[in-house]
Every structure is written in C-alpha cells, then in structure tokens.
Amino acid sequence: MIYGLWLSATGVVTNSHQLDVIANNLANVETAGFKRQLAAFRERPPEGKEDPSTVGDRFYDKMGGGQWLAPSAFDMTGGQLEETHRNFDLAVNGDGYFMVRDAQGEDRMTRNGNFVVDTEGSVVLETDHKLKLLDSKREPIVLKDVPAGNVIIGEDGTIAHGNENLGQVGLFNVPDDSLLRPMGNTLLKIPASVEATQFSGQIQSGYLEKSNVDPAVELTKMMQAQRMLEANANMIRYQDQSMGRLVNDVGRI
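Since this is a predicted model, take the numbers as computed values, not measurements. (Residues numbered from 1 in each chain as written. Predicted model: local features only at pLDDT ≥ 70, side-chain atom pairs only at ≥ 80, totals over all residues. Heavy atoms only, no water.)

Tell me about the overall build of the chain, and please be specific about residues and values.
Broken down by element type, the chain carries 4 helices and 18 strands. A globule of 253 residues ought to have a C-alpha radius of gyration of about 18 Å, yet the chain, at 26 Å, is considerably larger. Taken along the three principal axes of its C-alpha coordinates, the chain extends 95 × 35 × 30 Å. When burial is assessed residue by residue, the chain has 37% of its 253 residues classed as buried. Excluding contacts between residues fewer than 6 apart, the proportion of contacts in the chain whose partners are at least 24 apart in sequence is 66%. As displayed, the chain has an accessible area near 14,400 Å², and 52% of this comes from carbon and sulfur atoms. Across the chain, the 24 positively charged side chains and the 35 negatively charged ones have centroids separated by 8 Å. (Helix = DSSP H or I, 4+ residues; strand = E, 2+ residues; numbered from the N terminus. Rg over C-alpha atoms; globule rule 2.2 N^0.38 Å. Buried < 20%, exposed > 50% of the residue type's maximum accessible area, 1.4 Å probe, protein only. Contact = heavy atoms within 4.5 Å. Areas by Shrake-Rupley, 256 points an atom, 1.4 Å probe, with all protein chains shown as cover. Lys, Arg positive; Asp, Glu negative; His and termini not counted. Charge placed at Lys NZ, Arg CZ, Asp CG, Glu CD.)

Can you tell me about unusual backbone geometry, naming the residues and giving the values?
The backbone of His-85 sits at a positive phi, close to 65°, despite the residue not being glycine. Notably, Thr-186 is not glycine yet its phi reads approximately 60°, a positive angle. Within the element layout of this structure, Thr-186 appears in the loop between strand 14 (181-182) and strand 15 (188-189). What makes Thr-186 buried here is its relative accessible area of 15%.

Now, about the sheet that holds strand 12 (residues 164-168): what can you tell me, with residues and values included?
Strand order in this open sheet of 3 strands is 10-11-12, and the pairing throughout is antiparallel. At either end of the open sheet lies a strand with only one pairing partner, and these are strand 10 (152-153) and strand 12. (Pairing = 2+ DSSP bridges.)

Go over the pairing of strand 9 (residues 128-133) with me, naming the residues and quoting the values.
In regular strands, side chains alternate between the two faces of the sheet. Sheet analysis places strand 5 (residues 98-101) next to strand 9, joined by 2 bridges and oriented antiparallel. Residue pairing in the sheet places Arg-101 in a bridge with Lys-132 of strand 9. Relative to strand 9, strand 8 (residues 123-125) runs antiparallel, the two being bridged by 2 bridges. Paired with Val-124 across the two strands is Lys-132, which belongs to strand 9. Between the antiparallel neighbours strand 8 and strand 9 lie 2 residues.

Report on the environment of Gly-113, specifying residues and quantitative values.
Relative to the assigned elements, Gly-113 resides in the loop between strand 6 (107-110) and strand 7 (115-117). Take Gly-113: its relative accessible area is 0%, and that puts it in the buried class. Along the backbone, Gly-113 and Gly-206 are 93 residues apart, and their C-alpha atoms lie at a distance of 9.7 Å. Sequence-distant contacts of Gly-113, that is, excluding residues within four places in its chain, are made with Phe-88, Asp-89, Leu-90, Phe-98 and Leu-208.

Lay out the environment of Gly-184 with the relevant residues and their values.
With respect to the helices, strands and loops of the structure, Gly-184 is situated in the loop between strand 14 and strand 15. According to the relative accessible area criterion, Gly-184 is partly exposed, its value standing at 41%. When the C-alpha positions of Gly-184 and Phe-34 are compared, they lie 9.4 Å apart, and in sequence the two are 150 residues distant.

So what's going on with the nonpolar core? Which residues, and what values?
In this structure, Phe-98, Phe-115, Leu-143 and Val-169 are the most contacted members of the largest nonpolar core, which totals 20 residues. Every element with two or more residues in this core is listed here: strand 4 (90-93), strand 5, strand 8 and strand 9. Residues Met-99, Met-109, Phe-172 and Ala-196 belong to the second largest nonpolar core, which totals 12 residues. (Core = buried A, V, L, I, M, F, W, Y, C linked by side-chain atoms within 4.5 Å.)

Go over the layout of surface pockets with me, naming the residues and quoting the values.
Counted as a void, the largest pocket has a volume near 240 Å³. In this structure, the largest pocket is lined by 19 residues; those nearest its centre are Phe-34, Pro-182, Gly-184, Asn-185 and Thr-186. Here the residues of the lining of the largest pocket are counted per class, giving 6 nonpolar, 11 polar and 2 charged. (1 Å grid on protein atoms, 1.4 Å probe; cavity = no way out; pocket = protein on both sides within 12 Å on 5 of 7 lines; lining within 4 Å. Points joined across faces, edges and corners; volume = space filled by probe spheres on them. Nonpolar A, V, L, I, M, F, W, Y, C, P; charged D, E, K, R; others polar.)

Tell me what's going on with the pattern of salt bridges, and back it up with residues and numbers.
The final tally for this structure, using the stated rule, is 9 salt bridges. We note a salt bridge from Asp-75 to Arg-36, for which the minimum N-O separation is 3.1 Å. With Asp-75 in the loop between strand 2 (67-74) and strand 3 (81-83) and Arg-36 in the loop between helix 1 (2-27) and strand 1 (37-43), this pair connects stretches of sequence that are 39 residues apart. Across this residue pair, the class does not change: Asp-75 and Arg-36 are buried. One salt bridge connects Arg-101 with Asp-107, and the closest N-O pair in it is separated by 2.7 Å. (Salt bridge = Lys/Arg side-chain N within 4 Å of Asp/Glu carboxyl O.)

Explain the packing of aromatic side chains to me, and be specific about the residues and the numbers.
Using the criterion set out here, one finds 1 aromatic pair in the structure. With a centroid separation of 5.4 Å and 85° between ring planes, the pair formed by Phe-98 and Phe-115 is classed as edge-to-face. One end of the pair, Phe-98, is in strand 5; the other, Phe-115, is in strand 7, and 17 residues separate them in sequence. Of the residues examined, Phe-115 reaches a relative accessible area of 2% and is grouped as buried. (Phe/Tyr/Trp six-rings, centres within 6.5 Å; stacked < 30°, edge-to-face > 60°.)

These values are about where atoms sit, not about what they do.
In structure tokens:
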C-alpha cells in the first residue's frame, strides 16, 4: 500500500511540472523568438535495481519505481514571420541566430529580432536595453548620429545609410541546436564546449519571428496533464482511505 502511494506521488510531481511548463509556453505565445519547452520524464527503476546493495521485492520490481523528471527539451523550429514595417525588427529566414552581449560581457544567442536604437546609438534588444546586438565581427553595433529611421538593412545584414556602409548584423550558428540552453528573455546560452561560428543566412528587415507555440496543442496537453494529475491525486486519496480502514477497523477486530 505504501508502495502504491509512492508511485502515485511521483505521478503528481511530474504532472504538476508538466502543467507548469505548458503554462509558461502559453504565457509566451506572443513573445517574439520564443521556443516552446517540452516536459520530459524518465522511468525510475525499482529500489532493488537502483541500489544493488538493497534487496528488492520481485513483485514490486515488476511494477517499476514510478517516474522522475528528465532534463527539459526545447523545440527549436522556427516560428512564423510577422510583418511590422519597422526597419530594426529583424527576422532570420531559415537557420542562424542573432548574437547579443549582456552587461557582464557574456555573449548570448537569440531568435528574437525585436531591436531598437538607444540614446547612445547602440542597437539593443527592446525587452532589455543592456543587451547589445553584435555585428559579424562580434562587436556591438553603434550608429552614432545616423537617424535609425533612415537606415536600410539588407538580407545579408548590411546596414546602409545612403551610400554609407555602417556595418553588418552578425548571424551565427552552432553545430547542434540542442546544445543551446534557454536562460530566459529569449536568450540562449552557448556552452563552453560549443563554438558559435559566423553563418551566411538570410535576414528580413521589417519582420519578427513569432513564438513557435501553438495554443491549441498546448491547451490539449494541459487538459491531458490535468486529468492525469487528478487521477494520481484520487489514487492517493483512495489508498489513504484504505489504510485508514485497515488500521482503525481491521486492526480493532
């Protein structure tokens, strides 16, 4: 009976985590460049197999040990492009990432191309002006006294003002997208073991890449996770009631 409570409890924990992940995805449906998170689980082996020094029960070993949370996966597929008519709204058409530098000097990658020009002439992410967009040489882009509205950004990232070339928006890529780790604010951390290299992709000015979250899919998964959570919670209640009767009624007899 106690073993059954444990199995149901692991289900409640993992189902609760899944609901949190889905809720976060739905909250970012309108966040440019957001990549949906996928809740992942793994089977927990029974105690007898998990710890060789422990003598397990052959019957319980066949039941398994419930489930644990596994490292989350992320869907890195591109979202739809939405036209905004703002020249510093940039979208990557295909593979590749923009690179920004934070206040601590760390370089991060992102698909969020919602950039603006701050009072110092630096091109920064609109959601956080401390994140500066880098050029193809991994240096911050500064427009100085050039009006942002008069700038034209080409498909190769070239920033032009009339006949003057002001630089080039950097586009970078890594050998395996799954190695990148989301860290909030649509930023992706580059592990020390991974080298980000310059990438010749296509940039579309006046567009933003929308989130790749499909609300209908997420709501369906949310209802399924809610039902599983309720089922596990009910099993805990039924087993608790059975144990209560065993102790209070059968034990008295």
